[in-house]
Amino acid sequence: MKKILAFSGSYSQDSINHKLAEYAGGLMNNVDMSIINLSDYEAPFYSKEVESENGIPSSIKALRLLFNNADGFILSTPEYNGSIPAGLKNTLDWVSRMEGKIFQDKPVLLMATSPGARGGLSVLNHLSAVMPFWGAKLVGPFSLPKFGENFIDGEMNSEFKNELNKMLEGLNSSVYA
Ligand SMILES: Cc1cc2nc3c(=O)[nH]c(=O)nc-3n(C[C@H](O)[C@H](O)[C@H](O)COP(=O)(O)O)c2cc1C
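Residues numbered from 1 in each chain as written. Predicted model: local features only at pLDDT ≥ 70, side-chain atom pairs only at ≥ 80, totals over all residues.

*Asks:* How should I be thinking about the overall build of the chain in this particular structure?
*Replies:* Along the backbone of the chain there are 7 helices and 7 strands. Ordered by position in the sequence, the α and β elements of the chain form the string β-α-β-α-α-β-α-β-α-β-α-β-β-α. Radius of gyration (C-alpha) of the chain: 16 Å, near the 16 Å computed for a compact globule of 177 residues. Seen through its principal axes, the chain has C-alpha atoms that stretch 50 × 35 × 25 Å. Within the chain, the fraction of its 177 residues that count as buried is 38%. Residue pairs in contact within the chain that sit at least 24 positions apart in sequence constitute 75% of those at least 6 positions apart. (Helix = DSSP H or I, 4+ residues; strand = E, 2+ residues; numbered from the N terminus. Rg over C-alpha atoms; globule rule 2.2 N^0.38 Å. Buried ≥ 20, exposed ≤ 12 C-beta atoms within 10 Å, placed from the backbone. Contact = placed C-beta atoms within 7 Å.)

Following this line, the structure appears as structure tokens:
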């Protein structure tokens, strides 16, 4: 069965992006879905000194193993000041210090949501530009604007849900198990 790894780029406890990643993961049938929280994988701020003195943290090695074992990914990220949250970037920088590209030429459904009307468009543009260099075969991106209005009681507005379902089909068909 195809293994999908879903996570958000947020380190906040009540993350709307985590809710979106979880929701999208729940819409995929007949896959082996793992939904993780990056905050469970401790990542000190990267520096050459931290790496040479302490090596790669065991939490990052464990995360890298999950990336290696996945056939595809769902990533939903917050936008911070128009760009990529530092926590997400730092963790992925650590992951890149181990053998192979971060996403290893596997499909990644890229998503973002925010309380505002732009729905993280700027971070989606930034990530769409760089993630192919990280070995991501991009699916999407999917943006859910105005999370509070479009995601109520655990259910998404049907217009956006239809769009998301099409992208999940795209992810499913581009995953090779
Ligand atoms: C430092 C910081 C910068 C932010 N910058 C943006 C931004 O540029 N665009 C945006 O739509 N929302 C921005 N927000 C609001 C986030 O979209 C909002 O906090 C959202 O809930 C974060 O996602 P999360 O709940 O998944 O962590 C910012 C929030 C913080 C804390």
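*Asks:* For this particular structure, what's the right way to read the pairing of strand β5 (residues 136-144)?
*Replies:* Every regular strand shows the same layout, with side chains that alternate between the two sheet faces. Within β5, 7 of the 9 residues are buried, leaving the element largely enclosed by the surrounding structure. The pairing of strand β4 (residues 106-113) with β5 spans 7 bridges and is classified as parallel. Following the sheet pairing, K106 is matched in β5 by A136. (Pairing = 2+ DSSP bridges.)

*Asks:* Is there a simple way to explain the sheet that holds strand β2 (residues 32-36) in this structure?
*Replies:* In a beta sheet, neighbouring strands pair by backbone hydrogen bonds and run either parallel or antiparallel. With respect to topology, 5 strands assemble into an open sheet ordered β2-β1-β3-β4-β5, the strand pairing being parallel. Each edge of the sheet is formed by a strand with only one pairing partner; in this case those strands are β2 and β5. Strand after strand, the sheet turns through a mean of 20 degrees between neighbouring axes, direction not considered. Here strand β1 (residues 3-8) runs beside strand β3 (residues 72-77); their pairing, made up of 5 bridges, is parallel. Residue pairing in the sheet places L5 in a bridge with F73 of β3. This element, helix α1 (residues 16-27), spans β1, β2, β3, β4 and β5 of the sheet and lies at about 160 degrees to β1. (Axes fitted to C-alpha atoms, helices over the stretch in contact; angles between N-to-C directions.)

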